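Notes for the structure review
Here are the chains, one letter per residue:
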2 protein chains.
Amino acid sequence: MKKVDMIVKAPHFYTMQGEGVGYKSGVAMVVNGGKIEAFVDAATVDRDYKADELLELKEHVIFPGLIDAHMHTQMNVLRGLAQDSKNWMMFALQPFSNATTHDDCVKGSKVAIIEAVKAGTTCLGDYNEEIESCAEFIDKIGARGHLAQMFRAAKRKVYMPGELYEFDDEMGRREMKANIEVYDKWHGRGNIRILFGPQGADFLSPEMLLEAQKIVKERKTKMHLHVQQGDRETYQIVKRYGKRPTQFLDDLGILDEDLIAVHLTDCNDEETRQIARSGAGMVVNPASIGIIDGIVCPSVVFQEAGGNCALGSDQAPGNNCHNIIHEMKNVCLFNKIKYEDPEVMPAWRALRMATIEGARAIGVDDVCGSLEEGKSADFIAVSLNFLSMLPVYTYPMRNIVPNFVYSARGEEVTHSVVAGQVIMRDRKIQNIDEREYLEAIKECPQGVGERAFEEWDMLDGINNKYMREDKL
Amino acid sequence: MKKVDMIVKAPHFYTMQGEGVGYKSGVAMVVNGGKIEAFVDAATVDRDYKADELLELKEHVIFPGLIDAHMHTQMNVLRGLAQDSKNWMMFALQPFSNATTHDDCVKGSKVAIIEAVKAGTTCLGDYNEEIESCAEFIDKIGARGHLAQMFRAAKRKVYMPGELYEFDDEMGRREMKANIEVYDKWHGRGNIRILFGPQGADFLSPEMLLEAQKIVKERKTKMHLHVQQGDRETYQIVKRYGKRPTQFLDDLGILDEDLIAVHLTDCNDEETRQIARSGAGMVVNPASIGIIDGIVCPSVVFQEAGGNCALGSDQAPGNNCHNIIHEMKNVCLFNKIKYEDPEVMPAWRALRMATIEGARAIGVDDVCGSLEEGKSADFIAVSLNFLSMLPVYTYPMRNIVPNFVYSARGEEVTHSVVAGQVIMRDRKIQNIDEREYLEAIKECPQGVGERAFEEWDMLDGINNKYMREDKL
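Please read these numbers as outputs of a predicted model, since none were measured by experiment.

To continue, consider empty space enclosed by the protein. Counting across every chain of the model gives six cavities of 30 Å³ or more. Taken as a whole, the largest cavity holds about 90 Å³ of empty space. For the largest cavity, the full set of lining residues is A:His326, A:Lys329, A:Asn330, B:His326, B:Lys329 and B:Asn330. Contributing elements (two or more residues each) for the lining of the largest cavity: helix 12 (324-338) of chain A together with helix 12 (324-338) of chain B. Its residues assigned to classes, the lining of the largest cavity shows no nonpolar, four polar and two charged.

This part is about the pattern of salt bridges. Under the criterion given, the structure shown has 76 salt bridges over all chains. Linking B:Arg156 and B:Glu129 is a salt bridge whose minimum nitrogen-to-oxygen distance equals 3.5 Å. Of this pair, B:Arg156 sits in the loop between strand 10 (144-151) and helix 5 (169-186) while B:Glu129 sits in the loop between strand 9 (121-128) and helix 4 (132-141), and the two are 27 residues apart along the sequence. Its relative accessible area of 40% is what places B:Arg156 among the partly exposed residues. B:Lys217 is the salt-bridge partner of B:Asp258, the closest N and O atoms lying 2.6 Å from each other. Of this pair, B:Asp258 sits in the loop between helix 8 (245-252) and strand 13 (259-263) while B:Lys217 sits in helix 6 (residues 206-218), and the two are 41 residues apart along the sequence. Through salt bridges with shared partners, one network takes in A:Lys155, A:Lys157, A:Glu163 and A:Glu166.

This next bit is on the relation of the copies chain B and chain A. Placing chain B over chain A gives an RMSD of 0.0 Å and needs a rotation angle of 180°, together with 0.0 Å of translation along the axis. The operation mapping one copy onto its partner corresponds to a two-fold rotation axis. Within chain B, the C-alpha atom positioned nearest to the axis of rotation is that of B:Arg409, 3.0 Å from it. Mapped onto chain A, 100% of the interface residues of chain B again fall at the interface, so both copies present the same surface.

Here the focus is the sheet that holds strand 4 (residues 27-32) of chain B. The strands making up a sheet are joined through hydrogen bonds of the backbone, oriented either antiparallel or parallel. Residues and elements named next belong to chain B. One open sheet accounts for four strands, arranged 5-4-1-6; its pairing is mixed. The open sheet has two edge strands with one neighbour each: strand 5 (35-41) and strand 6 (49-56). Put simply, the sheet's adjacent strands are angled 30° from each other on average, direction ignored. One ladder, built from four bridges, connects strand 1 (residues 2-9) with strand 4; its direction is antiparallel.

Residue and element names in this part refer to chain A. Annotation of chain A at the domain level lists domain 1 (2-64 + 371-429) and domain 2 (70-362). Each of domain 1 and domain 2 has a C-alpha centre, and these two points are 30 Å apart. Tallying the contact residues gives 28 residues for domain 1 and 26 residues for domain 2. Both sides of the domain 1 and domain 2 interface together cover about 2300 Å² of buried area, and 67% of this is carbon and sulfur. Among the ionic pairs, Arg 144 bridges to Asp 378, the shortest N-O distance being 2.6 Å. Taken together, the links from domain 1 to domain 2 amount to seven residue pairs in polar contact (both at pLDDT 80 or more). Tallying contributions element by element places helix 15 (residues 400-406) first for the side of domain 1 that touches domain 2, with five residues.

To continue, consider helix 12 of chain A. Each turn of an α-helix holds 3.6 residues, which means side chains three or four residues apart point in the same direction. Residues and elements named next belong to chain A. Taking 1.5 Å as the rise per residue, helix 12 with 15 residues should run 21 Å; its terminal C-alpha atoms sit 20 Å apart, in good agreement. The buried fraction of helix 12 amounts to 14 of the 15 residues, a majority that puts the element mostly inside the structure. Two or three places before Ile 325, at the start of helix 12, stands the capping residue Asn 323, its side-chain oxygen 3.0 Å from that residue's backbone nitrogen. Just downstream of helix 12 lies Glu 340, where phi reads positive at about 45°.

Each partner contributes residues to the interface: chain B has 91 residues there, and chain A has 92 residues. Interface area lost by chain B to chain A is led by B:Leu387, B:Met397 and B:Arg409, which between them contribute 10%. Linking chain B to chain A there are eight salt bridges. At the boundary of chain B and chain A, one finds 42 residue pairs in polar contact (both at pLDDT 80 or more). Elements with a contribution of two residues or more to the side of chain B that touches chain A: helix 3 (102-118), helix 10 (286-293), helix 12, helix 13 (347-353), helix 15 (400-406), helix 16 (434-441), helix 17 (444-459) and helix 18 (462-468) of chain B.

Among the secondary structure elements, A:Ser133 is positioned in helix 4 (residues 132-141). If we skip the residues at most four places from it in the chain, A:Ser133 touches A:Gln74 and A:Val106.

We now examine the sheet that holds strand 6 (residues 49-56) of chain A. Residues and elements named next belong to chain A. Reading across from one edge, 5-4-1-6 is the order of the four strands in this open sheet, with mixed pairing throughout. On the outer flanks of this sheet lie strand 5 (35-41) and strand 6, each paired with one strand and no other. Taken pair by pair, the neighbouring strands of this sheet meet at an average axis angle of 30°, ignoring direction.

Turning our attention to the nonpolar core. Among soluble globular proteins, nonpolar side chains are generally buried collectively. Counting 257 residues, the largest nonpolar core has A:Phe63, A:Phe404, B:Phe63 and B:Phe404 as the members making the most contacts within it. Discounting chain neighbours no more than four positions away, the residues touching A:Phe63 are A:Tyr14, A:Leu351, A:Leu371, A:Phe379, A:Ile380, A:Val382, A:Ile400, A:Val401 and A:Phe404.

Our next topic: the pairing of strand 10 (residues 144-151) of chain A. Residues and elements named next belong to chain A. Among the eight residues that make up strand 10, eight are buried, leaving the element largely enclosed by the rest of the structure. Of the two faces of strand 10, the one holding Arg 144, His 146, Ala 148 and Met 150 and the one holding Gly 145, Leu 147, Gln 149 and Phe 151 are both buried throughout. Looking at chain direction, strand 9 (residues 121-128) and strand 10 are connected through four bridges and run parallel. By the bridge assignment, Cys 123 is partnered in strand 10 with Arg 144.

What counts, and where the lines are drawn
Residues numbered from 1 in each chain as written. Chains lettered and ligands numbered in written order. Predicted model: local features only at pLDDT ≥ 70, side-chain atom pairs only at ≥ 80, totals over all residues. Heavy atoms only, no water. 1 Å grid on protein atoms, 1.4 Å probe; cavity = no way out; pocket = protein on both sides within 12 Å on 5 of 7 lines; lining within 4 Å. Points joined across faces, edges and corners; volume = space filled by probe spheres on them. Helix = DSSP H or I, 4+ residues; strand = E, 2+ residues; numbered from the N terminus. Nonpolar A, V, L, I, M, F, W, Y, C, P; charged D, E, K, R; others polar. Salt bridge = Lys/Arg side-chain N within 4 Å of Asp/Glu carboxyl O. Buried < 20%, exposed > 50% of the residue type's maximum accessible area, 1.4 Å probe, protein only. Least-squares fit on C-alpha atoms with pLDDT ≥ 70 in both. Contact = heavy atoms within 4.5 Å. Pairing = 2+ DSSP bridges. Axes fitted to C-alpha atoms, helices over the stretch in contact; angles between N-to-C directions. Domains from an automatic or database assignment. Buried area = accessible area lost by both parts, 1.4 Å probe. Polar contact = N/O pair within 3.5 Å; in protein donor to acceptor, adjacent residues only side chain to side chain. Expected span 1.5 Å × (residues − 1). Core = buried A, V, L, I, M, F, W, Y, C linked by side-chain atoms within 4.5 Å.

Shown next, in the form of structure tokens:
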């Protein structure tokens, strides 16, 4: 009898092995040293293994931990302040984002991270101008972080419509250096990996983009980049270089397997295929771009061209939540609507995007995204004893995946385990007192509101009008 | 000092009075005899009123109870068995719906009703072939029911593509008589109203539709009707009468203020306006029709033409849940995408659809849909002390409605009150033991699955393929 750390017993395992969902039943999962050691016959596991912890989940289904590949958690302090508006960034978001202190951002970030974890996300693709505080908190919880610090050379000032951004490469290099410092300190510590995060092709000179790529390749990590994320970016790149962003990035040599390409909002189908063929991964953020732009980004075209695509929740001011289960439902529904075809983007494909396909897209499939021997033990338990998941069919077809994707809300996730450590048990995150962070964020609105008022009032956006009209 | 039944204290009330959201703060709501008696200054309410119950909700927002205007709760036993499929009804749903017993349907219905109530729905627009069991259970819980029994004259048999349905008016009249009987027994009892539910213009002869309308008008109730719900209906009506369903119904005199027109899936914009101008109400079911057809139904056109539109969750095999908060987010996002315009369908409009506008659409605005003196005390309390609702801003703009619509999941609803009776308190439905019904539905899958197998296997739909390919 072998002594191991953990045995997980449950009636259903979705391992995501193979080309489908890798369904297994009648098995137990053996975990040792933070890794999945074996799937063995549930009837004989107790004969062959003795575990420090038996996780016996009798009415549950086990999935790999979910991956949220693109989040700006430090914008969470502004949840619900920017939506239903054209020109989202300037007219809705900016008065508030200009009014936040770093302390506000950190308080908000922690609540966003808790929110994501409680809805089943175990791997967080956070992307902020300051990322170390996120690394610290994700590490404290015990989740997996796949984090990029955002940097740019374009000066932060108000530009007139049509005006080219002014580059300050010295500032850009200072910010890039800060990304290197956080890489040196955090990469490989706990479950944290650090990527490099140039903000977009329009925000840096070609020289700096190449420098960033060199740093990425030397360190064997990834570049996390907003790619052709809207007409404003396309305008800047076309005016400056005489070609559209995808072609610009391709000519520069940035499109390759070390790139995580986020959004592709303004890509046509051929540009989308060009990026997919390069080996880059994609992250699609359905609800965020739906709210901000009314656009369904081209993940289906990307996948048909052989690319891997992950899901992201983006940010709370314009989504307005960090719940990757919602994004699974959204990506299915939005694409069915886009193509007027109910067979486009079935539930199992969305589940793959939140697990193994997403892991491949962002380059964490060596450690997670599926439940396989030798991989990290990153998994969640979802209770089937819930209004949203009942009744459970296994014959003649299983309805568990469709109900998880189309009906679950997040509260069904009872346990989360990362690298063999139980980080959430019976809905309680183990290493923190959640209430403390909920209380802390309540202190922020007064100061943010007061500092934002003048610019918000001057811009007179649609939410200002809605306040006057008693519509908020 | 006046003695009353209840005083409700909370920091925020969304009364839905006026053209916006009717926001009130610093007030208390006084309830007596099941009705809203007054909104009074929170500082002085205790001086003027003494209540049997003080409902003090310090970190909550009060909304009118939500309205789900179109549900087939008796299909809930088939949750997750029919989606991601073309020709949903024939290839995905039918093998399973043919395999249910009435007992299965009733068990499923109860779970669906509980699910809806726990996500803030207080008024349920249920529509099944047998409605009395739903009336009984809704009455037991204490919620409001707005129920129609579905009837048809088209024989229930397998039709060849292109074949006209065969009418059996005698069968149709028997079924219509059953609707009259349930009306006579239940209409006006507790919080139950009974409507009349011909299944669709294609399923009855014109004579029977007119008979049904006469019965509706004599009884001062409403006709609940699927209207131009797809190309199959349009085909039948065009072939039989040489015109499309909307024109057929208009010429027959069915389009008027006593009609609740559901779906309008196949209506063009002019037909949509024609229905709106008639004074009929509309019910849009975003996620259901998104999953089944990949279509965004024309609620925006209907509203622009002056019509009132309610939201519905439709059915669990093809949605796959009964959560009207999800439908609020869906109707916003789907229409932003349809029109590629983030300003289309803002959060406040979706909230009106789930409350006062929905109440007008289905004709219950005399009793509910807004918090006004003299109306029934139908309201819900939503906790703001939740990850999905934090932080709360009131200055310079409120973010409560956007976060309720775009971020809340249902679990934030702590209390539900209907006609002054607390039907859910701290997430516990008062008059039933929820677990009993969750256990009961678990008995159904085995029998349904066995009875469905042969037809399901013979049809060999996409979910059959997905089972073979390990994608479920």
